[in-house]
Amino acid sequence: MSSPLPDDHASTWPRNIYLVARREMLIRLRSRVFIATTVVMVVLVAGSVLVASYLQEGTPSQPAAVNVGFSGGSQALEPSFKSVAAALGETVNVTSLPDAATGKSQVEAGSLDMAVSGSATAPTAVVSNSLPGMVEIALDAAAEDARMAAFGLTPEAITSITAGVPFEPVQPTGSASPLNEGAFVGLAVGLILFTALGSAGSQVAQGVVEEKATRIMEILLATVRPSELLAGKVLGIGLVALLQLAMEAAAALLTNAFAHVVSIPALGIVEVGLYFSWFVLGFLLYAAAHATVAALVSRPEQVAGATAPVTIVLLGSFVCSLNLFLRIPTSPLTTVLSIVPPLAPTLMPMGIAEGIAEPWQVGVAMGLTIATIAGEFWLAGRIYANSAIHTGARMGFSDALTGRQSD
Amino acid sequence: MAAASLMAVMILSRRRGVKTGDTVDTREWDVTETNQRRLEIDAISKRYGETVAVDELSFDVLAGELFGFVGRNGAGKTTTMRIVLGVVAADRGEVRWDGRPLDFKTRRRIGYMPEERGLYPKMRVAEQLRYLGELHVMTRQAAAAAALNWLERFDLAERRNAELQSLSLGNQQRIQLAAALVFSPEVLVLDEPFAGLDPVAVDVLTDVLRERARAGVAVIFSSHELELVERICDRVGIIDHGRLVAIGSVDDLRRGGPERLWVDAPAAGEDWLRNVPGATIVQEQGSRRLVELAPDGNDQDVLQAALRTGPVREFQSAEQSLVDIFRDVAGGARP
């Protein structure tokens, strides 16, 4: 009846992990909960971008242009006024008026923000209440230039007199530099990791306990090694979480492409690869930790309590990484902690984004994280196998590790 | 069967007064010279704290044999089966299949139905069986075909796309059995496979187990249904307090027990057997008495004593049931 494959464990462990991961994916992708949450999240993300776009249109980022009219001799100030106003960041529409009275009536009517009359060296202005202060400064500056010209100064002399003092910003040693665009990407990696693990970590833990609670693991352990079972589970659930994130990200990016709400920083392939690698490593590190603690309990209602320490470590790592990075990004403490596994997945992407992390530090951090993940799977597998027939109260860590049972 | 001749040793042991709880060395009876493949459980022991679950337990199950494993609750049946499957590690001893110690690779050839049933409640039935088949190194196509085959056999093909949790408990039990059978194992270890089955399903499973045994599979199952075990098993092992206290075919076990006679002598008084050495009345049903003979007892002396009281309407050998044998060797309570 059967057509067995080569019965060689060395060649079957990748297949076992694949089979377990495939099952986890199929079950989740098919579940109504997954479909419903994905649809809701995609709609929410796209909707949020559209709402942001609508709000941006309602409150323009560029201030409205200021309408200014000049009459009589003051019209000579127009070029200088426009130039200074532009330098001060104000957009002005300048028009010529037949006389001062027309200007005043237009200001009163709201069609002008400022009506300038009089001579170039002694102008007077009628202004609306909402006139930006910078526009007044621009008019003062234009009038000063006209007065200096009236005293016979050349344009070069005037430029020399009105030239500002150059200020050179210097970063005090030890303090953080302002974040660049890439640094936010590093922060985003940590935030996405934290968000993804919020649900996926709990799913991994629930999946582990489900197999214990339904007792199927007694059958599974006769054919799959515990570490293979857990690796497959984490991989399957992780891929589904990644797919869900990708769909949400695609919804956000596509909607943004139409709505132009934010400018997406341009990242190179290497950078994207590095950030993605750290996301995957961080996910595996914390998902495996969820699996390890979940193996200690045997009932679904015990999962939340068992996984709480992992959630606290994850949250603590994220907050700690953020503080270290913002306050003392180049200190030896930050450098060392960015290499150590609990903090590496959140701290290292920030360091990479900011250009602080050396390649060797990234390499060592990755190596240590991968070794820790392998150790977690081994430990979780051992606990899983030793606590396979344990039911009731949560099993002690040392008992689960050594296989001692008291019943 | 070769084991039958070995039973004589055990019977003799019992005649010599081997008590319940004493270790019975089944290897003494084993015919290891045959080339038949066998599951060898060799002196395994397991303790949980101060509790001894299995104590120097040894017996073999031959390929092609249906072996019934009976004992009271907590006698050590489930622990033994879990040790065979590697779910629990033995403190001492070894389990071998085909002469080689069981390892992870070999255990993949064992179909297992644990005492505590367990499959994925939300997984579709056919997918679940296919998945388990694939984990037992079957190809996807072969596993799918085998899954459908067993679903048809258990009359559940129509429910192949249903989630397990939507099936009745009896049908879930059938799926559990299919899960143990789907990859055509060389050894079947079934812990209480008949529990919870309706009579039709019992018949189907009985046929399946017999068929698997005929195909050369070594089948060991535990059960509290002693009449069923008596009816279908080639051999039976009785375990008590973690030790094997009897093993052999039911006929052999009967021969190993004390000889019993049904005697119906309506005129016999209470003391009609007083002068017959080695004869004791163990049960009465109206005028019928069940007389047990000690090794030095003589059935003809009993007959003579009965005839002396008047007419004798019945005088025949009483065949012990497995229940009687079980009570005899495992402390009296039904398993």
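Just so it is clear, the structure is predicted and the values come from calculations on it, not from any experiment.

1. Let's talk about the overall build of chain A
Move 1: Secondary structure summary: chain A contains 15 helices and 4 strands in total.
Move 2: Expressed as a percentage of its 407 residues, the buried residues of chain A come to 39%.
Move 3: Within chain A, contacts between residues separated by at least 24 positions form 76% of all contacts whose residues are at least 6 apart in sequence.

2. What about the overall build of chain B?
Move 1: The number of helices and strands found in chain B is 11 helices and 14 strands.
Move 2: For chain B, the residues scored as buried account for 47% of the 335 residues in total.
Move 3: Considering only contacts in chain B between residues 6 or more positions apart, those separated by 24 or more positions represent 72%.

3. Points about the confidence of the model for chain B
Detailed conclusions should not be drawn from predicted coordinates in areas where pLDDT is low.
Residues and elements named next belong to chain B.
Move 1: Overall, the prediction assigns chain B a mean pLDDT of 84, with 88% of residues at 70 or greater.
Move 2: Looking across chain B, the model is least confident in helix α1 (residues 2-15), with a mean pLDDT of 37, and most confident in strand β8 (residues 218-222), with 96.
Move 3: Segment residues 1-34 is flagged for pLDDT under 50; beyond a separation of four residues in sequence, or across chains, it makes 52 contacts in the model.
Move 4: Complex prediction metrics read pTM 0.71 and ipTM 0.74.

4. Some details on the pairing of strand β11 (residues 259-264) of chain B
Residues and elements named next belong to chain B.
Move 1: Taken together, the 6 bridges between β11 and strand β13 (residues 288-293) define a ladder with antiparallel strand orientation. Paired with R260 across the bridge in β13 is E292.
Move 2: Sheet topology places β11 next to strand β14 (residues 314-317); 4 bridges connect them, and they run antiparallel. Considered in β14, the bridge of D264 is made with E314.

5. Re the packing of helix α10 (residues 269-294) of chain A against helix α14 (residues 359-386) of chain A
Residues and elements named next belong to chain A.
Move 1: The N-to-C vectors of α10 and α14 enclose an angle of 20 degrees; their axes lie 9 Å apart at closest approach. On the basis of the axis angle, α10 is roughly parallel to α14. For the crossing formed where α10 meets α14, the hand is left-handed. Residues L281, L284, L285, A288, A289, A291 and T292 of α10 form the contact with α14, whose own contacting residues are M366, T369, I370, T372, I373, E376, F377, L379, A380 and I383.

6. A short note on the confidence of the model for chain A
Residue and element names in this part refer to chain A.
Move 1: Summing up the model confidence of chain A, the mean pLDDT is 82 and the portion of residues at 70 or higher is 85%.
Move 2: Strand β3 (residues 114-118) holds the highest mean pLDDT among the elements of chain A, 92, whereas helix α15 (residues 397-402) holds the lowest, 65.
Move 3: Note that residues 1-5 has pLDDT below 50 and, in this model, 15 contacts with residues that lie over four places away or in other chains.

7. Considerations on the domain arrangement of chain A
Move 1: Along its sequence, chain A is organised into domain 1 (12-56 + 180-402) and domain 2 (66-159).
Move 2: Using C-alpha coordinates to define each centre, domain 1 of chain A is positioned 61 Å away from domain 2 of chain A.

8. Some remarks on the sheet that holds strand β9 (residues 235-240) of chain B
All names here are of chain B.
Move 1: With mixed pairing, 6 strands are arranged side by side in an open sheet as β6-β7-β8-β3-β9-β10. Every interior strand has two partners, whereas the edge strands, β6 (110-113) and β10 (243-248), have only one. Pairwise comparison of adjacent strand axes, ignoring direction, gives a mean angle of 15 degrees for this sheet.
Move 2: As defined by bridge partners, strand β3 (residues 66-71) adjoins β8 across 4 bridges and the pair is classed as parallel.

9. Digging into the nonpolar core
Move 1: The biggest cluster of nonpolar side chains holds 155 residues, and the ones touching the most others in it are A291 of chain A together with V182 of chain B.
Move 2: In terms of residue count, the dominant contributor to this core is α10 of chain A (15 residues).

10. What about the sheet that holds strand β2 (residues 51-62) of chain B?
Residues and elements named next belong to chain B.
Move 1: The strand order across the open sheet formed by 4 strands is β2-β1-β4-β5, and the pairing between neighbours is antiparallel. The open sheet is flanked by β2 and β5 (100-101), the only strands paired with a single partner.
Move 2: Here 2 bridges tie strand β4 (residues 92-97) to β5, and the two strands are oriented antiparallel to one another. Each bridged residue has a counterpart across the sheet, and for R96 the counterpart in β5 is P101.

11. Brief notes about helix α11 (residues 303-327) of chain A
Residues and elements named next belong to chain A.
Move 1: Over its 25 residues, α11 extends 36 Å from the first C-alpha to the last, a length consistent with the 36 Å expected when each residue adds 1.5 Å.
Move 2: The largest bend in α11 comes to about 35 degrees, at P309.
Move 3: Of all the positions in α11, only V303, T307, V310, L314, S317, F318, S321, L324 and F325 are classed as buried.

12. Brief notes about the pairing of β4 of chain B
All names here are of chain B.
Move 1: Summarising the sheet, strand β1 (residues 38-48) and β4 pair through 5 bridges and their orientation is antiparallel. Across the sheet, the residue bridging to L39 is W97, located in β4.
Move 2: Between β4 and β5, which pair antiparallel in sequence order, lie 2 residues; one of them, D98, sits at a positive phi of approximately 60 degrees.

13. Things to note about the packing of helix α13 (residues 344-354) of chain A against α14 of chain A
Residues and elements named next belong to chain A.
Move 1: Where α13 contacts α14, the two axes come as close as 11 Å, and the packing angle between them is 165 degrees. Compared by their axis directions, α13 and α14 come out roughly antiparallel. Our pair here, α13 against α14, has a crossing hand that is left-handed. Packed against α13, whose contacting residues are A344, P345, M348 and I352, the element α14 presents V362, A365 and T369 at the interface.
Move 2: Of the residues that constitute the contact of α13 with α14, the class distribution is 6 nonpolar, 1 polar and no charged.

14. Points about the environment of V51 of chain A
Residues and elements named next belong to chain A.
Move 1: The residue V51 is located in helix α2 (residues 32-58) in this model.
Move 2: Looking at V51, the number of C-beta atoms within 10 Å reads 12, which means it is exposed.
Move 3: Linking V51 and A259, residues 208 residues apart in sequence, is a C-alpha distance of 9.6 Å.

15. Some words on unusual backbone geometry
Move 1: The backbone phi angle of R215 of chain A is positive, close to 70 degrees, even though this residue is not glycine.
Move 2: Even without glycine at this site, V137 of chain B takes up a positive phi of about 55 degrees.
Move 3: Tracing the backbone through its elements, the reader meets V137 of chain B in the loop between α4 (125-135) and α5 (140-153).
Move 4: Given 25 C-beta atoms within a 10 Å radius, V137 of chain B is considered buried.

16. Focus on the environment of L151 of chain B
Residue and element names in this part refer to chain B.
Move 1: Turning to its location among the elements, L151 is positioned in helix α5.
Move 2: The exposure class of L151 is buried, given the 21 C-beta atoms found within 10 Å.
Move 3: Between the C-alpha atoms of L151 and R37, which are 114 residues apart in sequence, the distance is 29 Å.
Move 4: With residues near it in sequence (within four places) discarded, L151 still touches V125, A126, L156, A157, R160 and A178.

17. Quick word on the environment of P345 of chain A
Move 1: Inspection of the secondary structure puts P345 of chain A in helix α13.
Move 2: Setting aside residues up to four positions removed in sequence, P345 of chain A forms contacts with L193, W278, L281, G282, L285 and T369 of chain A.

The rules behind the values
Residue positions within a chain follow its written sequence, with the count starting from 1. A letter from A marks each chain and a number from 1 marks each ligand, given out in the order of writing. Where totals are concerned, whole chains, interfaces and linings use all residues; where local detail is concerned, this predicted model gives features only for residues with pLDDT of at least 70, and gives and counts side-chain atom pairs only at 80 or more. Helix and strand assignments come from DSSP, with helices taken as H or I runs of at least 4 residues and strands as E runs of at least 2, each series counted from the N terminus. Any residue whose C-beta has 12 or fewer other C-beta atoms within 10 Å is treated as exposed, any with 20 or more as buried, and any in between as partly exposed, C-beta atoms being built from the backbone. Any residue pair is listed as a contact if its two C-beta atoms, each placed from the backbone, are within 7 Å. The predictor reports its confidence for every residue as pLDDT, a score running from 0 up to 100. Paired strands are those between which DSSP finds at least two bridges. Orientation is described by lines fitted to C-alpha atoms, with helices fitted over the stretch in contact, and by angles between N-to-C directions that extend from 0 to 180 degrees. Note that the term roughly parallel is reserved for angles under 35 degrees, roughly antiparallel for angles over 145, roughly perpendicular for angles of 65 to 115, and oblique for everything else. Left-handed is the label given to a crossing in which the near helix is rotated counterclockwise from the far helix by less than a right angle, and right-handed is the label when the rotation is clockwise. For the domain bounds, the source is a domain assignment made automatically or taken from a database. Buried Ala, Val, Leu, Ile, Met, Phe, Trp, Tyr and Cys residues whose C-beta atoms connect them within 7 Å together make up a nonpolar core. Expected helix span is given by 1.5 Å per residue-to-residue step, counting one fewer step than there are residues. Bend angle per residue: angle between axes fitted to the 7 residues ending at that residue and the 7 residues starting there. Note on residue categories: nonpolar means Ala, Val, Leu, Ile, Met, Phe, Trp, Tyr, Cys or Pro, charged means Asp, Glu, Lys or Arg, and polar means any other residue, Gly included.

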